[in-house]
Amino acid sequence: TKSTTFSNYELKMLSDNLKDPACQYILIMIDSGLRVDEYLNIEIENIHLSESYMIGGNKTDAGKKRIIPIFEELQPIIAERINANSKYLCEKNKNKKIPYHSFRKTMWDKAMEKYKMNHLPHDTKHTAASLMDNQNIKPIIKKLILGHSLKDLTERVYTHKDKDEILREYKKLNK
């Protein structure tokens, strides 16, 4: 099936229902640009809430241990999970990761049915990329956040972006 982005209406519905854990994890995935497996592997020790970012990613060399900004609206939700003494941002039971098939069946599919949406989990990444593009996030910053490789020699070798610059640029989406 073809990937589609979440509509503005769907994004608003998710934001309006932030008390629902389903809306929370969908928005975390959209706002972070994380793939499902990356989201399920985020460990609490890699979340730096006071600085509004987390470290994650695992699919490609470009995607590993990348800086992932955290939106202000999601900080209280992530803080709750940190304070629950969990090991992972998303857990099945105490300190146990949720396997992808379980996440898909018991969480994602139920959320799509409940909110009458028709999306695949990877649509969150498409939405993240589209939102960044709509706000003119610098292409190199977008690639760094999404964990995409920098193919251009100038970007890959000579251009350096630090955490503060990535976070500053990403704040354009908070408006």
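Being a predicted model, the structure only gives us computed values, none of them experimental.

Basis of the calculations
- Residues numbered from 1 in each chain as written.
- Predicted model: local features only at pLDDT ≥ 70, side-chain atom pairs only at ≥ 80, totals over all residues.
- Heavy atoms only, no water.
- Phe/Tyr/Trp six-rings, centres within 6.5 Å; stacked < 30°, edge-to-face > 60°.
- Helix = DSSP H or I, 4+ residues; strand = E, 2+ residues; numbered from the N terminus.
- Buried < 20%, exposed > 50% of the residue type's maximum accessible area, 1.4 Å probe, protein only.
- Contact = heavy atoms within 4.5 Å.
- Arc of directions from axis to C-beta.

> If you had to explain the packing of aromatic side chains to someone new, which residues and values would you point to?
Inspection of the entire model under this criterion finds four aromatic pairs. With centroids separated by 5.2 Å and ring planes inclined at 65°, the aromatic side chains of Y25 and F103 adopt a geometry described as edge-to-face. One end of the pair, Y25, is in helix α2 (residues 21-32); the other, F103, is in helix α5 (residues 100-114), and 78 residues separate them in sequence. For the pair formed by Y25 and F103, the shared burial category is buried. Arranged with centres 6.3 Å apart and planes meeting at 65°, the rings of Y39 and F103 form a pair that is edge-to-face.

> Can you lay out the environment of A111 for me, pointing to particular residues and giving the numbers?
Within the fold, A111 resides in helix α5. Between the alpha carbons of A111 and I26 there is a distance of 8.9 Å; along the sequence they are 85 residues apart. With residues near it in sequence (within four places) discarded, A111 still touches A22, Y25 and I26.

> How would you explain helix α4 (residues 75-83) if you had to name every residue and give the values?
The complete set of buried residues in α4 reads Q75, I77, I78 and R81. Summarising the axial view, the buried residues of α4 lie within an arc of 160°, below the 170-degree limit, and thus occupy one face. Turned more than 90 degrees from where α4 packs its buried face, E80 and N83 sit exposed. The elements touched by buried residues of α4 are α2, α3 (36-41) and β1 (47-48). Trailing α4 by a residue or two, N85 shows a phi angle of about 55°, which is positive.

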